[in-house]
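# A look at the structure
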Amino acid sequence: MKFNLGDKVKFMDQEGQGVVSRIINASTVGVTVDGFELPFSITDLLKVEKPSSTAERLFYEGKATYGTPRQEARERQKNALPGDEPFPGDESPETETGSETGESAAASPEPEKEPDDRISALSRGFTSKQPQPEGIYIGLVPLDQQFMLRGPVEFHIINYTPYTLIYNLAIQGAETFSGADYASVPPYSKIFVESIEREDLGLWAEGLLQCLFYQDESRAWLQPSSNRYKIKASQIGNAENYRYPVFMREKALLVPLLELSVHKAENTLPHPSSGKKETDSNGKKTCGPVEAGTANPLARYMLGKDVAEVDLHAESLKETRLEFKGASEEEYLGKQLSVFETCLNQAINGNLSKIIFIHGVGNGILKHEIEKRLKEYSGVHYMDASSAKYGRGAIEVYLDTRGTRKHA
């Protein structure tokens, strides 16, 4: 972690706080405590900062003075670049209401808070042709975007999920781990950790990132994760590895740490009421998580607890769907779209995180119709599925478990 003069710090192995009053060298600073300046290694210090989101209040006192995830989403919309598309769950602030009293948000003005200038919203420019699964990444961003292999590199932690991420970063040395940074990152945002000279990249090439996932409300709670990483010198030294991610406008070397759909499938704690049938605001019945072996039409397509894959090829559907028995080729498109909508609605009701639709290549009509219908839903994010696995013939649909719904 980089310290500047005037930074307030606290100590890893003792109580108390101080102020950085002198930069001695790259690894040592002078800290003034009770009028006395003492030298400290930067690995023994933690910077004292105001929290940048609701979730980071876990590290601090004063819980009632910082913005909610919805307010963070509104701030992200305000700072979006031209051409950026909204992220799942970012709703218009005009429809926001107060908390439990139902009062208008305008009736109680938001408290002023100092933003963490290390955090920036991801921008969905879709410059990259490669799909990117939702998850947690390390991003190495060269400051010189023309000559990737020279000059300093910025170390970022990227939260490409609908959750607020609370993280703890440790760098692995020869015999010990050293705490490097901790903070929280709003949904679909990245945080700058350090600017690293090329000759020092090896010191950051191996480490551990611990993650907590916060959301306001859910029928299933995501468990923490600990993710080791190791970046090889051959990766850092190959300019072809620096590409435009789907969510950034800068070339970066991405190091995947956690794929959200995989982590959710194996590390989700369901609420005790998840198995009970409930009704929505319109009185319609909804269902709990999809279980294989039930009469649920999506059951045969499940890959995990909350991930499904539906093959919409007519040849595949003929073997499993009664509505295709005896149907003519002219009727295929309408029946394929009926299967698509049935499975999508079932995935939403079952609180799935992701569903993959295999549409094939053909003349592109089926894909076009699928995308047109997906635009009718809020809380949905979709992209081309992995070309290595599906070629150009599948689409991944990510569902926001907090409130995916079809527009009226």
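Rules used throughout
Residues numbered from 1 in each chain as written. Predicted model: local features only at pLDDT ≥ 70, side-chain atom pairs only at ≥ 80, totals over all residues. Heavy atoms only, no water. Salt bridge = Lys/Arg side-chain N within 4 Å of Asp/Glu carboxyl O. Buried < 20%, exposed > 50% of the residue type's maximum accessible area, 1.4 Å probe, protein only. Pairing = 2+ DSSP bridges. Helix = DSSP H or I, 4+ residues; strand = E, 2+ residues; numbered from the N terminus. Axes fitted to C-alpha atoms, helices over the stretch in contact; angles between N-to-C directions. Lys, Arg positive; Asp, Glu negative; His and termini not counted. Polar contact = N/O pair within 3.5 Å; in protein donor to acceptor, adjacent residues only side chain to side chain. Contact = heavy atoms within 4.5 Å. pLDDT = per-residue confidence, 0-100.

Scanning the model with the defined rule gives eight salt bridges in all. Residue Asp144 pairs with Arg150 through a salt bridge whose shortest N-O separation is 3.3 Å. The class of Asp144 is partly exposed, set by a relative accessible area of 23%. With a shortest N-O distance of 3.4 Å, Lys372 and Glu369 are connected by a salt bridge.

A few words now on the sheet that holds strand 14 (residues 225-230). Taken in spatial order, the four strands of this open sheet run 10-9-12-14, and their pairing is antiparallel. Edge strands, defined here as strands with exactly one partner in the open sheet, are strand 10 (177-185) and strand 14. In this sheet, adjacent strand axes meet at a mean angle of 20 degrees when their direction is disregarded. Pairing of strand 12 (residues 206-214) with strand 14, which is carried by six bridges, proceeds in the antiparallel orientation. By the bridge assignment, Cys211 is partnered in strand 14 with Ser225.

What follows concerns the side chain of Glu154. With respect to the helices, strands and loops of the structure, Glu154 is situated in strand 8 (residues 153-160). Of the side chains bearing the opposite charge, Lys190 lies closest to the buried Glu154, which forms no salt bridge; the N-O distance is 7.5 Å. Within the local environment of Glu154, its side chain forms a polar contact with the side chain of His156, the two groups lying 2.9 Å apart. For Glu154, the contacting residues outside a window of four places in its chain are Gly139, Leu140, Val141, Leu143, Phe192, Glu194 and Ser195.

In this model, the protein carries a mean pLDDT of 76, and residues with pLDDT of at least 70 account for 71%. Low confidence marks residues 51-69, where pLDDT is under 50. Its contacts with residues over four positions away, or in another chain, come to 42 contacts.

Our focus in this paragraph is unusual backbone geometry. Even without glycine at this site, Tyr188 takes up a positive phi of about 50 degrees. Looking at the secondary structure, you find Tyr188 in the loop between strand 10 and strand 11 (189-196). Judged by relative accessible area, Tyr188 falls into the buried class, the value being 1%. Of note, the phi angle at Asn351 is positive, near 60 degrees, even though the residue is not glycine. Here Asn351 is to be found in the loop between helix 5 (329-349) and strand 20 (354-358).

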